[in-house]
Amino acid sequence: MSHYFETDHDKHEFAGRLIVSVGLGLALMLLAVLVFAAESPTNYAAARWYPLHFKPAIERADDKECLVCHAEVLKPSVRAQSPAGVRADQSLAWYQTLEIYSGAQDTFHRRHLLGEMAKRYMNLRCNTCHQGHDPRDEAPGTSVTAQATGYTLRKQVDPKTCLMCHGQFNAEVMGLPGPWAEHGETFGNNCLTCHEGIRTTRHNVNFLKPRAIEEAGRESSEHCYGCHGGRAWYRIPFPYPRHAWEGMDKDIPDWAKHRPTQSEPRFRLEAWTSTPAAPATVNPSPAAKTSGATPAQPRAMAAGKAPASPELRMNVKGKNHVRPL
Ligand code: HEC
Ligand code: HEC
Ligand code: HEC
Ligand code: HEC
Ligand code: HEC
């Protein structure tokens, strides 16, 4: 071994370099492991328990962060043909025959996030629907990490969220004689006949594009109806918040006495600005104002818990869903 080195000095220098480079190598490896561990869990169990699945992290999760692991939810994955031989392009559900339905069969996630309509007037994000995913228990309130809302047993997403756009048309509160499909014509098949002046403070939430909705509604009321009865998967209407509007009567009708007057806190614009990278706070501190909101800032509602709406009481049996309407 000694003949490789001319002198003892060379030997020491070599040993010194070896130690430095091995040390450097180890340090780099450690860094890589740390970065990797922080960015993406290396195994399935760790990924299932990834903090982003839980509150409060999920409340300020950017879609991109979820898609690192769940890219498949936005991949086109509709079968051309069912195993029994029914072709997708030849089978349409009733709502797919509506004037405003467009495009080939597509998946649920793509329809809500990437479809023509979704892009035109919706701004849904993963966490508009997914408020948590606890692999231990899909029952509400049974563990400190379970979703704290009064959501339905074993549902991963609170159906109240779906009900906002998939509830029945509430002809009763509108004073219409019956369902829109039967009586719409009396009003020129036009929601704006009345809604040009009634409940005009609407859709100012972080998952909708209010101006684009009004434009679409002017083109065809089918667009309005599409979210207010035209695609009703539920037998009940959603008890919408009743925002004050210009020219509103001071007397509150009985059915509206228990209605909130503002959207759910997590949906308010100030809770989550249009750019997910820079969430704003409800009452930004002077410091936050000058420095600008940073991605690390918690969503406004993470700080104060959103009160569960007393008007909505869901149960599993499908009865008495809605308390005073
Ligand atoms: C580090 C990777 C990773 C990230 C980031 C991640 N998840 Fe997951 N998620 C997983 C794994 C792994 C599972 C377990 C899948 C299974 O059991 O089939 C899972 C399960 C789920 C499930 C249940 C799936 C099922 O089939 O039951 C949902 C819903 C979900 N995640 C939503 C989200 C959302 C929303 C985000 C972003 C806020 C997110 N995940 C971020 C890895 C991740
Ligand atoms: C419109 C509401 C909505 C939005 C927006 C949404 N999801 Fe989902 N997601 C659901 C529902 C409903 C299910 C089915 C839940 C069940 O089976 O109980 C689901 C299921 C899932 C699953 C389970 C696997 C599967 O494909 O069924 C994953 C993973 C998931 N979502 C991730 C995401 C990610 C990531 C995003 C954002 C890119 C997202 N979701 C956006 C409502 C939504
Ligand atoms: C902000 C409004 C909104 C919310 C919230 C919403 N949807 Fe939808 N949903 C729509 C619109 C609009 C369409 C029509 C999209 C299209 O035709 O491209 C649709 C379409 C659908 C379809 C038909 C998809 C198809 O292939 O044609 C199903 C099923 C559905 N929604 C279920 C749900 C469920 C379940 C939830 C809750 C987890 C939900 N939606 C939440 C607006 C919404
Ligand atoms: C004949 C007039 C009229 C027509 C036509 C009409 N509405 Fe209404 N609508 C009303 C009135 C009145 C209210 C209740 C106003 C209030 O809060 O006092 C109302 C309330 C609503 C609400 C809130 C319901 C709630 O429970 O808070 C929605 C959503 C709505 N209308 C959507 C529509 C859509 C979509 C159309 C067209 C498909 C339509 N309306 C057509 C008069 C009408
Ligand atoms: C993409 C789905 C979608 C479309 C399209 C849509 N709405 Fe809505 N609408 C909603 C949701 C969700 C809410 C509740 C938002 C909130 O929590 O404040 C709402 C709320 C309302 C309200 C209650 C207003 C209040 O006091 O807060 C009225 C009235 C209404 N919509 C009428 C209309 C009319 C008229 C059109 C067509 C011009 C229309 N909607 C189109 C989803 C939709």
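Every value quoted in this text rests on a predicted model; they were computed, and no experiment measured them.

About the criteria used
Residues numbered from 1 in each chain as written. Chains lettered and ligands numbered in written order. Predicted model: local features only at pLDDT ≥ 70, side-chain atom pairs only at ≥ 80, totals over all residues. Helix = DSSP H or I, 4+ residues; strand = E, 2+ residues; numbered from the N terminus. Buried ≥ 20, exposed ≤ 12 C-beta atoms within 10 Å, placed from the backbone. Contact = placed C-beta atoms within 7 Å. Near = placed C-beta within 6 Å. Nonpolar A, V, L, I, M, F, W, Y, C, P; charged D, E, K, R; others polar. Arc of directions from axis to C-beta. pLDDT = per-residue confidence, 0-100.

## Notes on the overall build of the protein chain
Turning to step 1, where the next piece is worked out: Counting secondary structure elements, the protein chain contains 14 helices and 0 strands.
Turning to step 2, where the next piece is worked out: Mapped from its N terminus to its C terminus, the protein chain presents α and β elements in the order α-α-α-α-α-α-α-α-α-α-α-α-α-α.
Turning to step 3, where the next piece is worked out: Out of the 325 residues belonging to the protein chain, those deemed buried represent 16%.
Turning to step 4, where the next piece is worked out: In the protein chain, once contacts between residues fewer than 6 apart in sequence are set aside, the share between residues at least 24 apart is 58%.

## Considering the site of ligand 2
Turning to step 1, where the next piece is worked out: Lining the immediate environment of ligand 2, one finds 17 residues, of which C66, H70, C126, C129 and Q156 sit closest.
Turning to step 2, where the next piece is worked out: Mapped by element, the contributors of at least two residues to the shell around ligand 2 are α3 (63-70), α4 (108-113) and α6 (126-129).
Turning to step 3, where the next piece is worked out: At 4 residues, the largest contribution of residues to the shell around ligand 2 is made by α3.
Turning to step 4, where the next piece is worked out: Tallied by class, the residues present in the shell around ligand 2 amount to 9 nonpolar, 6 polar and 2 charged.

## Examining the environment of L52
Turning to step 1, where the next piece is worked out: Along the polypeptide, L52 turns up in the loop between α2 (44-48) and α3.
Turning to step 2, where the next piece is worked out: As a C-alpha pair, L52 and C66 span 14 residues in sequence and 7.8 Å in three-dimensional space.
Turning to step 3, where the next piece is worked out: Residue contacts for L52: discarding those within four places in its chain leaves A57, I58, A61, E65 and C66.

## With respect to the site of ligand 4
Turning to step 1, where the next piece is worked out: Around ligand 4, 23 residues are found, and the nearest of them are M174, C191, C194, C224 and H228.
Turning to step 2, where the next piece is worked out: Looking at the shell around ligand 4, the elements with two or more residues in it are α8 (171-174), α10 (192-195) and α12 (221-227).
Turning to step 3, where the next piece is worked out: In terms of residue class, the shell around ligand 4 is built from 15 nonpolar, 6 polar and 2 charged.

## Brief notes about helix α7 (residues 159-166)
Turning to step 1, where the next piece is worked out: When α7 is considered as a whole, its buried residues turn out to be K160, T161 and L163. Along the axis of α7, the buried positions cluster into a sector of 160°, meaning they face one direction only.
Turning to step 2, where the next piece is worked out: Lining the buried residues of α7 we find α6.

## What to know about the environment of P260
Turning to step 1, where the next piece is worked out: Counting through the fold element by element, P260 comes out in the loop between α12 and α13 (286-291).
Turning to step 2, where the next piece is worked out: Once the C-alpha coordinates of P260 and H243 are considered, the two residues, 17 residues apart in sequence, prove to be 8.1 Å apart.

## Quick notes on the confidence of the model for the protein chain
Segments scoring low in pLDDT should not have their predicted coordinates read at a detailed level.
Turning to step 1, where the next piece is worked out: Averaged over the protein chain, the pLDDT score is 78; the fraction of residues at 70 or greater is 67%.
Turning to step 2, where the next piece is worked out: Every residue in residues 274-325 scores below 50 in pLDDT, and together they form 77 contacts with partners more than four places removed in sequence or on other chains.

## What to know about unusual backbone geometry
Turning to step 1, where the next piece is worked out: Cis geometry is adopted by the peptide bond preceding P56, which originates at K55 and carries an omega value of 5°.
Turning to step 2, where the next piece is worked out: For P56, the location among the structural elements is in the loop between α2 and α3.
Turning to step 3, where the next piece is worked out: Positive phi, normally seen in glycine, also occurs at R199, with a value near 50°.
Turning to step 4, where the next piece is worked out: Along the chain, R199 falls in the loop between α10 and α11 (210-219).
Turning to step 5, where the next piece is worked out: Positive phi is not limited to glycine here, since H203 has a value of about 65°.

## Describing the environment of F169
Turning to step 1, where the next piece is worked out: Within the fold, F169 resides in the loop between α7 and α8.
Turning to step 2, where the next piece is worked out: Of the residues examined, F169 has 20 C-beta atoms within 10 Å and is grouped as buried.
Turning to step 3, where the next piece is worked out: On a C-alpha basis, the gap between F169 and H228 in space is 5.3 Å, while along the polypeptide they are 59 residues apart.
Turning to step 4, where the next piece is worked out: Apart from residues lying up to four places away in sequence, F169 is in contact with P179, W180, H228, G229 and P237.

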